[in-house]
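Notes for the structure review
Each chain, letter by letter, is given below.
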Amino acid sequence: MSQQLPHEFNEPVTLAIIGGTGLYKLDSLTPVAHLTVSTPWGFPSSPITISRTDDGFPIAFLARHGQHHQYLPSDVPSQANIAALKKLGVKAIVAFSAVGSLQQHIKPRDFVIPNQVIDRTKGIRKSTFFEKGFVAHVGFGEPFDLKLNKLIADSCADVLEGENVKLHSRHTLKDDVTLICMEGPAFSTRAESRLYRSWGGSVINMSCLPEAKLAKEAEISYQMICMSTDYDAWNETEEPVTVETVVGNLKANSANAHRVAVKLIEVLEPKLKSGEIGEDLKHSMKFSVSTADSGKDRALLEKMHYLFPGYWPLENSTTR
Ligand SMILES: CSC[C@H]1O[C@H](OP(=O)(O)O)[C@H](O)[C@@H]1O
Ligand SMILES: Nc1ncnc2[nH]cnc12
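Owing to the predicted nature of the structure, the values given are computational and were not obtained by experimental measurement.

By nearness alone, every residue bordering ligand 1 is listed as Gly20, Thr21, Arg64, His65, Pro73, Ser97, Ala98, Phe187, Asn205, Met206, Ser207 and Val246. Measuring from an oxygen atom of ligand 1, one finds a side-chain N or O atom of His65 at 2.5 Å. Within the backbone of Ala98, a nitrogen or oxygen atom sits 2.8 Å from an oxygen atom of ligand 1. In isolation ligand 1 offers 390 Å² of accessible surface; the protein chains occlude 92% of this area. Residue composition of the shell around ligand 1, by class: 5 nonpolar, 6 polar and 1 charged.

All right, on to the pairing of strand E3 (residues 48–52) then. For E3, the tally of buried residues reaches 4 of 5 residues, placing the bulk of the element in the interior. Linking E3 back to strand E4 (residues 58–63) in an antiparallel pair, the connection comprises 5 residues, with Gly56 at a positive phi of about 90°.

The next thing to look at is the side chain of His258. By the secondary structure assignment, His258 is in helix H6 (residues 243–274). Here the side chain of His258 touches Ser254 through a polar contact of 2.9 Å, landing on its backbone oxygen. Discounting chain neighbours no more than four positions away, the residues touching His258 are Leu23, Lys25, Leu26 and Asp27.

The subject of this paragraph is helix H2 (residues 146–156). Turning to H2, its buried residues number three or more, namely Leu148, Asn149, Leu151, Ile152, Ala153, Ser155 and Cys156. Of the residues flanking the start of H2, the one acting as N-cap is Asp145, its side-chain oxygen 2.8 Å from the backbone nitrogen of Lys147.

Here the structure, examined in full by the defined rule, presents 10 aromatic pairs. Taking 4.8 Å as the distance between ring centres and 70° as the angle between the ring planes, the aromatic pair formed by Trp41 and Phe129 counts as edge-to-face. Pair noted here: Trp41 is in the loop between strand E2 (30–35) and E3 and Phe129 is in the loop between strand E7 (116–120) and H2, with a separation of 88 residues, a long-range link. Among the residues examined, Trp41 registers a relative accessible area of 13% and is labelled buried. Taking the relative accessible area as the measure of exposure, Phe129 reaches 1% and is therefore buried. Judged by centre distance (5.5 Å) and plane angle (80°), the ring pair of Phe308 and Trp312 falls under edge-to-face. Here Phe308 and Trp312 have matching classes, each one buried. Here the aromatic cluster, defined as three or more aromatic residues joined through ring pairs, consists of Phe130, Phe134, Phe308, Tyr311 and Trp312. Sitting above the plane of the Tyr306 ring, Lys87 keeps its charged end 4.5 Å from the centroid.

Structurally, Tyr71 is set in the loop between E4 and helix H1 (78–88). A relative accessible area of 27% places Tyr71 in the partly exposed class. When the C-alpha atoms of Tyr71 and Lys126 are compared, they prove to be 15 Å apart, with 55 residues separating the residues in sequence.

This brings us to the site of ligand 2. Surveying the vicinity of ligand 2 reveals 13 residues, the closest of which are Ala98, Gly100, Asn205, Asp230 and Asp232. Backbone polar atom of Ala98 to a nitrogen atom of ligand 2: 3.0 Å apart, as the coordinates give it. Between Asp232 and ligand 2, the recorded distance is 2.8 Å, taken from a side-chain N or O atom to a nitrogen atom. Contact with the protein chains removes 94% of the 260 Å² of surface that ligand 2 exposes when unbound. Counting only elements with at least two residues in the shell around ligand 2, the list comes to strand E5 (92–101), strand E10 (201–205) and strand E11 (221–230). Among the elements that line the shell around ligand 2, the one with the most residues is E5, at 3 residues. Its residues assigned to classes, the shell around ligand 2 comprises 8 nonpolar, 3 polar and 2 charged.

The subject of this paragraph is the confidence of the model for the protein. Here the protein shows a mean pLDDT of 95. Residues at 70 or above account for 99%. Taken over the whole predicted complex, pTM reads 0.97, whereas the ipTM for its chain interfaces reads 0.99.

The subject of this paragraph is the side chain of Asn149. For Asn149, the location among the structural elements is in helix H2. Within polar-contact distance, the side chain of Asn149 engages the backbone oxygen of Pro114 at 3.1 Å.

Ile48, Ile50, Leu85 and Ile93 are the most contacted members of the largest nonpolar core, which totals 53 residues. Listed in part, the 38 residues of the second largest apolar core include Phe57, Ala63, Leu148 and Val260.

A separate point is the packing of H2 against H6. Packing of H2 against H6 leaves a shortest axis separation of 10 Å and a crossing angle of 130°. By the angle between their axes, H2 is oblique relative to H6. When you trace H2 past H6, the crossing you get is right-handed. Contact residues: Leu148, Leu151, Ile152, Ser155 and Cys156 in H2; Val260, Lys263, Leu264, Val267, Leu268 and Lys271 in H6. Of the residues that constitute the contact of H2 with H6, the class distribution is 8 nonpolar, 1 polar and 2 charged.

The rules behind each value
- Each chain has its residues counted from 1, running along the sequence as written.
- Chain A is the first chain written and ligand 1 is the first ligand written, with later ones labelled in order.
- Only residues with pLDDT of at least 70 are given local features in this predicted model, and only at 80 or more are side-chain atom pairs given and counted; all residues enter the totals for whole chains, interfaces and linings.
- To get the side-chain values, all heavy atoms of the structure are used, and hydrogens and water are removed first.
- Nearness is defined per residue: one heavy atom within 4 Å of the molecule or strand is enough.
- Polar contacts, as counted here, are pairs of nitrogen or oxygen atoms within 3.5 Å of one another; within protein the pair requires one atom able to donate a hydrogen and one able to accept it, and residues that are adjacent in sequence qualify only if both atoms are side-chain atoms.
- Residue burial considers only the protein chains on display, and all accessible areas are found by Shrake-Rupley using a 1.4 Å probe.
- Gly counts as polar in this scheme, as do all residues outside two lists: the nonpolar Ala, Val, Leu, Ile, Met, Phe, Trp, Tyr, Cys and Pro, and the charged Asp, Glu, Lys and Arg.
- Residue burial is assigned from relative accessible area. The probe radius is 1.4 Å, only protein chains are included, and a residue is buried under 20% of its type maximum, exposed over 50%, and partly exposed in between.
- The helix count covers DSSP runs of H or I at least four residues long, the strand count covers runs of E at least two residues long, and both are numbered beginning at the N terminus.
- Paired strands, in this sense, are two strands between which DSSP finds at least two bridges.
- By definition in these notes, contact holds between two residues if any of their heavy atoms fall within 4.5 Å.
- Two aromatic rings, drawn from Phe, Tyr or Trp (for Trp, its six-membered ring), form a pair once their centres lie within 6.5 Å of each other, and the interplanar angle then sorts them: stacked below 30 degrees, edge-to-face above 60, tilted otherwise.
- Note on geometry: a ring has a charge over it if NZ (lysine) or CZ (arginine) is within 6 Å of the ring centre and within 35 degrees of the ring normal.
- By definition, pLDDT measures how confident the predictor is in each residue, and it falls between 0 and 100.
- As used in this record, nonpolar core signifies buried Ala, Val, Leu, Ile, Met, Phe, Trp, Tyr and Cys residues forming a set joined through side-chain atoms within 4.5 Å.
- Working convention: axes come from line fits to C-alpha atoms, limited for helices to the stretch in contact. Angles between N-to-C directions cover 0 to 180 degrees.
- Roughly parallel refers to an angle under 35 degrees, roughly antiparallel to one over 145, roughly perpendicular to one between 65 and 115, and oblique to any angle outside these ranges.
- Crossing handedness is read from the near helix: turned anticlockwise from the far helix by less than a right angle, it gives a left-handed crossing, and turned clockwise, a right-handed one.

Following this line, the structure appears as structure tokens:
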């Protein structure tokens, strides 16, 4: 079916959804194109599917671990994923993720909108677009877009169905909601899980980083929507997490994930069109570069122009 769709799409696509474990396509929307995007950082984890809403608004969908879930969390080509979405014109990304709960009140199948992250990855993932010859630093005090965070928190709670299925956010909990991003692929030990609770962790996954950092570098508004699937390993009254538990709860809850996605598309379309969402980081990278023009490597500069066309002059750069 998808092979018969066009492999080109010539309009800007401002909204992207990244699907995580258990969310490999958006059934509620009809696809209109299937794109294989080559970037200077390689190919994304899956072809990008473009769909349209009833009034023609295009949305990009990308499966984080590949269409067949073939990428380990440590191997997800996040640079290529974010670069490809940027190239399509994406201004906002809503990224779904299956997470373990570190708190009793966040039950399996609940939805969680985090606003903070603690990085427990091990430095083996490529976490920036920048490198020697082009040094830049992005602010990451707020890892997610707080406007998008509030919009999701305000609009999605009502669409969740089922007994006791809740949506938790800083707006409902009146406190930070902190996501621990660990390396994996093995889940945490009980001691680690308890340590994360003592740090104030709310939920845990293996996927938020470097995705959120790269989105920030690419000036894209980004928010992760977490679906709780287990109590990780801290809760001695429960069996420690297994993939079986995660997938079982995701399957049972997939209708809610689709409902949330449909609602979000509906509320985000006008906000992206009006510029209320997706414009706050515009041009932020232009002024975040430390390397002087004369020290910038020309080949790297050309690579950066894939993300930021025309931001920095090519003349005066150095050919190495
Ligand atoms: C299959 S359990 C662990 C796996 O699930 C989550 O994936 P995603 O965030 O893409 O939904 C978690 O981060 C791990 O990668
Ligand atoms: N307990 C857990 N730890 C890390 N990633 C997860 N994804 C789903 N449950 C998880």
